Amino acid sequence: MAAGGATFGAAAVQQALAPLAELSGGFTLDEFLQRHYKQLSREDMEEVLDRLERKTLEEYDREVQIEDIRPIPGVQFGYALNLSLCIGCRKCVEACHKENNHDRATYNSYIRVLEMEKGGNDLEESSVTYDHVVPQRKKFYMPVQCHQCDNPPCVKACITKATWKEADGIVVVDYNWCIGCRYCISACPYEARRFNWTKPEIPAEEINPGQSYLTNRVRPVGVVEKCTFCAHRTRVGRLPACLEACPTGSRVFGNMLDPKSEIRWVLENKRVYILKAELGTLPRFFYFFDE
Amino acid sequence: MAWVLAAVLLVGCDGFTDESREFGPPVTGEPTHSVVIESPQTLGVVDSPLLDVNGTPIGVGCETCHGPTQARSWAATPGEPFHTGVGVTVDGVRKLDHHGELRCDNCHSPDRLTVHLADGTTLNLADTMLLCAQCHGPQYRDYQRGSHGGMTGFWDLRQGPRSRNNCVVCHAPHSPHYEPRMPAPGPRDWYLREKPTAAKEPASEEKSSDLGDGHGN
């Protein structure tokens, strides 16, 4: 397919779009003309990454490395969380906040921990803002993040194809393609997506410099973002930041195609529970209990 | 903004134009990297009556007072009250009060340097996980399968190593209940729906008497 620029001539386009560029503030022509993630050649991608690195340096005064990290062949990610162990300490929330370069003022994170009555499972009756010693005797704790559904309502709701499911099961967002309509946010039954209402503010020294295009690079204002099971880590074999941070060992992650993996053992041997299973979203995030 | 062109450029962005971009390089070979189990540095160390320059007690190993090579002046005399912080004495019997009703000798060997299993097998303190395993089979199995005890490092042992914690990092042997704690801050997103139940929660609910008491199983 021809890029817009090729048909009109870059200079002409630049001129025509000049007023637009001024309006949107800091929005460059290169960005405007950037193609959809899946249509970029390797060389295009390199240019885009260079540009984004330069932009981060300019705007955040921090040298970062942004890579385009792709799925590992033969790997299908799955994640499980042991509700018998979780004590609701929110260490995962905090780790996500730092790892994924979230806005400091809103203390944004892809994980929310619900404090619920034991014996109950009414999500509406839960508290996410609890602030007392944990665990409370009559409560149990349920961290919720993107379930990386195999039948993702959010992807179906997207009108620009800015969000899709990747070969290893991770649902990603091209932040440069998202127009911020937020249909996906309403579509998600797990409240797993977030919107950047403001330009994220992060002190230079706190920015995590190891970044990738589809995951934790600092997002522009006005786009939707979500948990990617830390694809920039997990696609190079590392564990997600929230799992490493969990002091209780409640989280189990791995390749569901590997019969010897920890995640397979849990799925085959524990009482596994799917949140809102009746919706048919086919999550890759599971909850389990010790017997 | 991008929607102006998005509409024009949208056609056919389901697959990758350059299909070689869909996947990264394959990972092959056997999982050769190791899993290391970290024990606390204080394993087998006891505060001695001696203080360092900062006034903190100097830690010494068990063999300083127990065992064949003990320094004479430190030698533990049988019956002398010591380690009084550990357990309680009821009717002349010393036992743990926060770990079932176990007696010291259920775990510690007479030499005081090692611990032992019910069949008499002695274990170094460094192998204490096998001691725990004797009475907590399900948790030990789960630990070995990765669903108890957590880990850091690599899920893929073909690509890198992994580190795990000894049981006693999370469960002190004499008082193994997992410690309650204050959580990290909650979310501050402005669009967060504030739950009426959360707001109404009476302060008395937060009394220490109401702390969790292990909700596992």
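Residues numbered from 1 in each chain as written. Chains lettered and ligands numbered in written order. Predicted model: local features only at pLDDT ≥ 70, side-chain atom pairs only at ≥ 80, totals over all residues. Heavy atoms only, no water.

With that settled, the discussion passes to the sheet that holds strand S2 (residues 77-82) of chain A. Residues and elements named next belong to chain A. With respect to topology, four strands assemble into an open sheet ordered S10-S2-S12-S11, the strand pairing being mixed. The outermost strands of the open sheet, each flanked by one partner alone, are strand S10 (251-255) and strand S11 (271-273). When strand polarity is set aside, the average angle formed by the axes of neighbouring strands in this sheet is 30 degrees. Bridge count for S2 against strand S12 (residues 285-289) is four bridges, and the pairing is parallel. Considered in S12, the bridge of Tyr79 is made with Phe285. Packed onto the sheet, helix H10 (residues 262-269) meets S2, S10, S11 and S12 and runs at close to 110 degrees relative to S10. (Pairing = 2+ DSSP bridges. Helix = DSSP H or I, 4+ residues; strand = E, 2+ residues; numbered from the N terminus. Axes fitted to C-alpha atoms, helices over the stretch in contact; angles between N-to-C directions. Contact = heavy atoms within 4.5 Å.)

Here we take up the nonpolar core. Residues and elements named next belong to chain A. The biggest cluster of nonpolar side chains holds 74 residues, and the ones touching the most others in it are Met142, Tyr213, Phe229, Phe253 and Tyr287. Contributions of two or more residues to this core are made by helix H4 (42-60), S2, helix H5 (91-99), strand S3 (112-117), strand S4 (139-144), strand S6 (171-173), helix H9 (241-245) and S12. When residues of this core are assigned to their parent elements, the largest contribution, five residues, is made by H4. In contact with Phe229, other than residues within four places in its own chain, are Phe77, Tyr79, Cys146, Gln148, Ile170, Thr234, Pro240, Phe253, Arg284 and Phe285. Counting residues in each nonpolar core, the second largest holds eight residues, with Val252, Trp265, Val266 and Phe286 among its members. (Core = buried A, V, L, I, M, F, W, Y, C linked by side-chain atoms within 4.5 Å. Buried < 20%, exposed > 50% of the residue type's maximum accessible area, 1.4 Å probe, protein only.)

All names here are of chain A. Negative charge collects at one region of the surface, where Asp30, Glu43, Glu46, Glu47 and Asp50 lie side by side. Counting residues per element, the negative patch draws most heavily on H4, which supplies four residues. Within the element layout of this structure, Asp30 appears in helix H3 (residues 29-33). (Patch = residues over 30% accessible without salt bridge, like charges linked within 9 Å, V, L, I, M, F, W, Y side chains within 5 Å. Areas by Shrake-Rupley, 256 points an atom, 1.4 Å probe, with all protein chains shown as cover. Salt bridge = Lys/Arg side-chain N within 4 Å of Asp/Glu carboxyl O. Lys, Arg positive; Asp, Glu negative; His and termini not counted. Charge placed at Lys NZ, Arg CZ, Asp CG, Glu CD.)

Attention shifts here to the sheet that holds strand S9 (residues 162-165) of chain B. What links the strands of a sheet is backbone hydrogen bonding, and the strands pair in either a parallel or an antiparallel sense. Residue and element names in this part refer to chain B. With mixed pairing, the three strands of this open sheet are ordered in space as S1-S9-S8. Each end of this open sheet is capped by a strand with a single partner; those strands are strand S1 (35-38) and strand S8 (152-153). Sheet topology places S8 next to S9; two bridges connect them, and they run antiparallel. Paired with Thr152 across the two strands is Ser163, which belongs to S9.

Here we take up unusual backbone geometry. Residues and elements named next belong to chain A. With omega at -5 degrees, the peptide bond leading from Val134 into Pro135 counts as cis. With respect to the element layout, Pro135 can be found in the loop between S3 and S4. Residue Asn101 is not a glycine yet carries a positive backbone phi of 50 degrees. Here Asn101 is to be found in the loop between H5 and S3. You will see that Arg182, though not glycine, has its phi angle at about 70 degrees, which is positive.

Take the environment of Arg284 of chain A next. Residues and elements named next belong to chain A. In this fold, Arg284 is placed in the loop between S11 and S12. Expressed as a C-alpha distance, the spacing of Arg284 and Cys188, which sit 96 residues apart in the sequence, is 14 Å. Of note is the side chain of Arg284, whose polar atom sits 2.7 Å from the side chain of Asp150. (Polar contact = N/O pair within 3.5 Å; in protein donor to acceptor, adjacent residues only side chain to side chain.)

Looking at chain B, the pLDDT average stands at 82 and 79% of residues meet or exceed 70. Low confidence marks residues 1-12 of chain B, where pLDDT is under 50. Its contacts with residues over four positions away, or in another chain, come to 23 contacts. (pLDDT = per-residue confidence, 0-100.)

This part is about the packing of helix H3 (residues 128-135) of chain B against helix H4 (residues 137-145) of chain B. All names here are of chain B. Packing of H3 against H4 brings their axes to within 6 Å, and their N-to-C directions diverge by 130 degrees. Between H3 and H4, the crossing angle belongs to the class labelled oblique. Together, Met129, Leu130, Ala133 and Cys135 of H3 and Gly137, Tyr140 and Tyr143 of H4 make up the contact between the two elements. (Parallel < 35°, antiparallel > 145°, perpendicular 65-115°, else oblique.)

What follows is about the environment of Ser127 of chain A. Residues and elements named next belong to chain A. Among the secondary structure elements, Ser127 is positioned in the loop between S3 and S4. For Ser127, a relative accessible area of 5% gives the class buried. For the pair Ser127 and Leu214, spaced 87 residues apart in sequence, the C-alpha to C-alpha distance is 31 Å. At 3.4 Å, the side chain of Ser127 and the backbone nitrogen of Thr129 are in polar contact. At a separation of 3.2 Å, a polar atom in the side chain of Ser127 contacts the main-chain amide nitrogen of Tyr130.

Residue and element names in this part refer to chain B. Examined bridge by bridge, strand S2 (residues 45-51) and strand S3 (residues 57-61) share four bridges and lie antiparallel to one another. Bridged to Val46 within S3 is Val60. Linking two consecutive strands that pair antiparallel, namely S2 and S3, is a turn of five residues; a positive phi of about 85 degrees is found at Gly55 within it.

What follows covers the environment of Gln76 of chain A. The residue Gln76 of chain A is located in the loop between strand S1 (65-67) and S2 in this model. In contact with Gln76 of chain A, not counting residues within four places along its chain, are Ala167, Asp168, Gly169, Gly254, Asn255, Met256, Leu257 and Arg284 of chain A.

For the rest of this paragraph, the subject is the side chain of Asn176 of chain A. Among the structural elements, Asn176 of chain A can be located in the loop between S6 and helix H7 (183-187). Polar side-chain contacts of Asn176 of chain A include one of 3.0 Å to the side chain of Gln34 of chain A.

The subject of this paragraph is the pattern of salt bridges. Taken as a whole, this structure holds 24 salt bridges over all chains when the rule is applied. We note a salt bridge from Lys270 of chain A to Asp290 of chain A, for which the minimum N-O separation is 2.8 Å. Placement of Lys270 of chain A in the loop between H10 and S11 and of Asp290 of chain A in the segment after S12 is noted, with a sequence separation of 20 residues between them. Pair check on accessibility: Lys270 of chain A and Asp290 of chain A agree, each one buried. The partner of Arg158 of chain B in a salt bridge is Asp156 of chain B, with the nearest N and O atoms 2.9 Å apart. You can call Arg158 of chain B partly exposed: its relative accessible area is 26%.

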